[in-house]
Amino acid sequence: MNYLSVENEILSSVRSLNGNQKSDVLDYVKNIRPIPHSKKLYRRRAMKQIREALLNS
C-alpha cells in the first residue's frame, strides 16, 4: 500500500466521524510515540492502530 492510498483511506474514514470523534483521532495520532530504530515499522504499526481506532468508533 503506498502513501497516497493510505492517506486517502484515513481521510475517507475520518470524514464520517463527528467533531468529538475527529478530535479523539487527532489526539491519538499526536500521542503516537516513534520507535527510533525503525521508521517503517513505526508507520506500519501506527496505521494499523489508526485503522482499528476508526473501525471501533
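Just so it is clear, the structure is predicted and the values come from calculations on it, not from any experiment.

Novice: Could you give an account of the overall build of the protein chain, with specific residues and numbers?
Specialist: In terms of helices and strands, the protein chain carries three helices and zero strands. Helices and strands in the protein chain line up, N terminus first, as α-α-α. Across the 57 residues in the protein chain, those meeting the buried criterion constitute 19%. Counting only carbon and sulfur atoms, one obtains 54% of the accessible surface of the protein chain, whose full area is about 4,800 Å².

Novice: Summarise the layout of surface pockets; cite the residues concerned and give the values.
Specialist: Size it by volume and the largest pocket reaches roughly 520 Å³. Taken together, 20 residues line the largest pocket, and the ones lying closest to its centre are Tyr-3, Val-6, Ile-10, Arg-43 and Met-47. Elements with a contribution of two residues or more to the lining of the largest pocket: α1 (3–15), α2 (19–30) and α3 (39–56). Partitioned by chemical class, the residues of the lining of the largest pocket number 13 nonpolar, one polar and six charged.

Novice: Requested: an account of α2, with residues and values cited.
Specialist: Taking 1.5 Å of rise per residue, twelve residues should cover 16 Å, and α2 covers 17 Å from first to last C-alpha, within 8% of that figure. N-cap assignment for α2: the residue whose side-chain oxygen lies 3.1 Å from the backbone N of Asn-20 is Asn-18.

Novice: Give a detailed account of the confidence of the model for the protein chain, specifying residues and quantitative values.
Specialist: Of the residues in the protein chain, 88% reach a pLDDT of 70 or more, and the chain-wide mean stands at 83. Across the protein chain, the secondary-structure element scoring lowest on mean pLDDT is α3, at 84, and the one scoring highest is α2, at 88.

The rules we used
Residues numbered from 1 in each chain as written. Predicted model: local features only at pLDDT ≥ 70, side-chain atom pairs only at ≥ 80, totals over all residues. Heavy atoms only, no water. Helix = DSSP H or I, 4+ residues; strand = E, 2+ residues; numbered from the N terminus. Buried < 20%, exposed > 50% of the residue type's maximum accessible area, 1.4 Å probe, protein only. Areas by Shrake-Rupley, 256 points an atom, 1.4 Å probe, with all protein chains shown as cover. 1 Å grid on protein atoms, 1.4 Å probe; cavity = no way out; pocket = protein on both sides within 12 Å on 5 of 7 lines; lining within 4 Å. Points joined across faces, edges and corners; volume = space filled by probe spheres on them. Nonpolar A, V, L, I, M, F, W, Y, C, P; charged D, E, K, R; others polar. Expected span 1.5 Å × (residues − 1). Polar contact = N/O pair within 3.5 Å; in protein donor to acceptor, adjacent residues only side chain to side chain. pLDDT = per-residue confidence, 0-100.

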